[in-house]
Amino acid sequence: MTFQVPLVVVGAFLFSALLTGVARRLAVSGGVLDVPNARSSHEAPTPRGGGAAIVLSTVASWIALGLMGVAQSYIVIALSGGGIAIAVVGLLDDRFRISAGVRLSVHFAAALWALVWLKGLPTIQFGEHFINLGWGGYLLGALGIVWTLNLFNFMDGIDGIAASEAIFVACGGIVLGLANNGRHVHPGIGLAFIAACCGFLLWNWPPARIFMGDVGSGFLGYVIAVLALIDAHESALALLIWLILGGVFFVDATVTLARRLMKGEQLYVAHRTHAYQCLARRWGSHRRVTLAVLAVNVFWLLPMALFAARFPSHAPLFLAAALTPLIVIALTMGAGIPES
């Protein structure tokens, strides 16, 4: 058993890198290109749909781990069933543009699928208080999963940012789980996902040779949310820890959504008002922004998550300390630079 997980993880990386190359060739030959417009953050037509490689590689790895007896079947089913549904609706939207209502219906169905297999939202620790929402946890959990998968879609606007964020958050969740009394149900599940993202990132690192597309971004957000939920069944503090780790995406997407709601803008119309997009225009570089996000993750959010895990009763204070500067930056950047 000891060699099986590393083999699957390496296979996920290689398979993802190979499939991304294949996807790029098919996209170029089929004319499946993301053509720049006034609301784009890129300047040249670029193939899209490479996220399908992450989906196929990850799901194949999970199935292999399940068949080997390394991962429990209910976890594989919860992640794979909903993840495939999210990827399929994303792929259809990449090609044919389906309505927001259809997408959201599938998103909520996938979220409830995971919650049913995982038996709902577990008890949550907030400071010294433990909160059990009962059946209400299904509603809150579904909203959390749907928001997470959509915010990954919103934040997938410059080269390398979504895949590198998913890698960081999943790595951080696994490391903190294992460090906290060895807590983590199936690190192999997370490692296979991380490896598949790394294989894709070889092609998507700035300057990107292929884009992820909705087929991949929604899948990434769904997996991150469900992995956090799985971890939460082992530790009541886990959801707060994962929220800190994903702080850059959660804050930027939420602040931008709130601002657009207040302005009466249509939420599913493409735009360039996220803080990271404003910063990319100011700096004139996708690479610098993606590296800056990684630096914030490693040198600010990861230590805050470590402190929260070490001092559970004070975890809400570390959450506030971690996110407050990000909120200020998002408010400042979004208001300070015009979209054009």
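A brief look at the structure comes next. (Residues numbered from 1 in each chain as written. Predicted model: local features only at pLDDT ≥ 70, side-chain atom pairs only at ≥ 80, totals over all residues. Heavy atoms only, no water.)

Positionally, His274 belongs in the loop between α10 (247–262) and α11 (275–283). Distance in space between the C-alpha atoms of His274 and Met333 is 8.0 Å, their sequence separation being 59 residues. (Helix = DSSP H or I, 4+ residues; strand = E, 2+ residues; numbered from the N terminus.)

Here helix α5 (residues 136–155) is 20 residues long and its end C-alpha atoms lie 28 Å apart, about the 28 Å a rise of 1.5 Å per residue gives. Residues of α5 that are buried: Gly137, Gly141, Ala142, Ile145, Val146, Thr148, Leu149, Asn150, Leu151, Phe152, Phe154 and Met155. (Expected span 1.5 Å × (residues − 1). Buried < 20%, exposed > 50% of the residue type's maximum accessible area, 1.4 Å probe, protein only.)

Between its terminal C-alpha atoms helix α6 (residues 161–179) stretches 27 Å, which fits the 27 Å expected from 19 residues at 1.5 Å a residue. The buried fraction of α6 is high, at 15 of 19 residues.

Let us now look at the pattern of salt bridges. All chains considered together, the criterion is met by two salt bridges. Where Arg97 meets Asp93, a salt bridge forms, and the shortest distance between an N and an O atom there is 3.6 Å. We classify Arg97 as exposed; its relative accessible area is 58%. Of the residues examined, Asp93 reaches a relative accessible area of 3% and is grouped as buried. A salt bridge links Asp93 to Arg103; the nearest nitrogen and oxygen atoms lie 3.4 Å apart. (Salt bridge = Lys/Arg side-chain N within 4 Å of Asp/Glu carboxyl O.)

It is worth spelling out unusual backbone geometry at this point. A cis amide bond links Pro206 to the next residue, Pro207, at an omega of 0°. Structurally, Pro207 can be placed in the loop between α7 (187–204) and α8 (214–232). Not every positive phi belongs to a glycine, and Arg97 is a case in point at roughly 60°. Residue position: Arg97 is located in the loop between α3 (73–96) and α4 (100–117). The phi dihedral of Lys119 falls on the positive side, at around 65°, and the residue is not glycine. Relative to the helices and strands, Lys119 is located in the loop between α4 and β3 (124–126).

Glancing now at the state of the cysteines. This structure, assessed with the given rule, holds zero disulfides. Cys171 carries a free sulfur, and the closest cysteine sulfur to it, the one in Cys198, is 6.9 Å from it. Residue Cys171 is classed as partly exposed on the basis of its relative accessible area, which comes to 30%. The class for Cys198 is partly exposed, based on a relative accessible area of 27%. (Disulfide = S-S within 2.5 Å.)

All right, on to the packing of aromatic side chains then. By the definition in use, this model includes seven aromatic pairs. Every member of this aromatic cluster is reached through a ring pair, and the members are Phe307, Phe311 and Phe318. The aromatic ring of Phe96 is capped on one face by Arg95, whose charged end is 6.0 Å from the ring centroid. (Phe/Tyr/Trp six-rings, centres within 6.5 Å; stacked < 30°, edge-to-face > 60°. Lys NZ or Arg CZ within 6 Å of the ring centre and 35° of its normal.)

Close contact between α4 and α5 brings their axes to 9 Å; oriented N to C, the two are set at 125°. Judged by the inter-axis angle, α4 sits oblique to α5. α4 and α5 meet at a crossing whose hand is right-handed. Touching Leu104, His107, Phe108, Ala111, Leu112, Ala114, Leu115 and Val116 of α4 are Tyr138, Gly141, Ala142, Leu143, Ile145, Val146, Leu149 and Asn150, all from α5. Each residue belonging to the contact of α4 with α5 can be placed in one class, and the counts come to 13 nonpolar, three polar and no charged. (Axes fitted to C-alpha atoms, helices over the stretch in contact; angles between N-to-C directions. Parallel < 35°, antiparallel > 145°, perpendicular 65-115°, else oblique. Left-handed = near helix turned anticlockwise from the far one by under 90°. Contact = heavy atoms within 4.5 Å. Nonpolar A, V, L, I, M, F, W, Y, C, P; charged D, E, K, R; others polar.)

So, about the packing of α6 against helix α12 (residues 286–310). Between α6 and α12, the least distance of the axes is 11 Å, while the angle of their chain directions is 20°. As judged from the angle between their axes, α6 and α12 are roughly parallel. The interaxial crossing formed by α6 with α12 has right-handed handedness. Counted together, Ile161, Ser164, Glu165, Phe168 and Leu176 of α6 and Thr290, Val293, Leu294, Asn297, Val298, Leu302, Ala305 and Leu306 of α12 form the full contact between these two elements. Along the lines of polarity and charge, the residues of the contact of α6 with α12 split into nine nonpolar, three polar and one charged.

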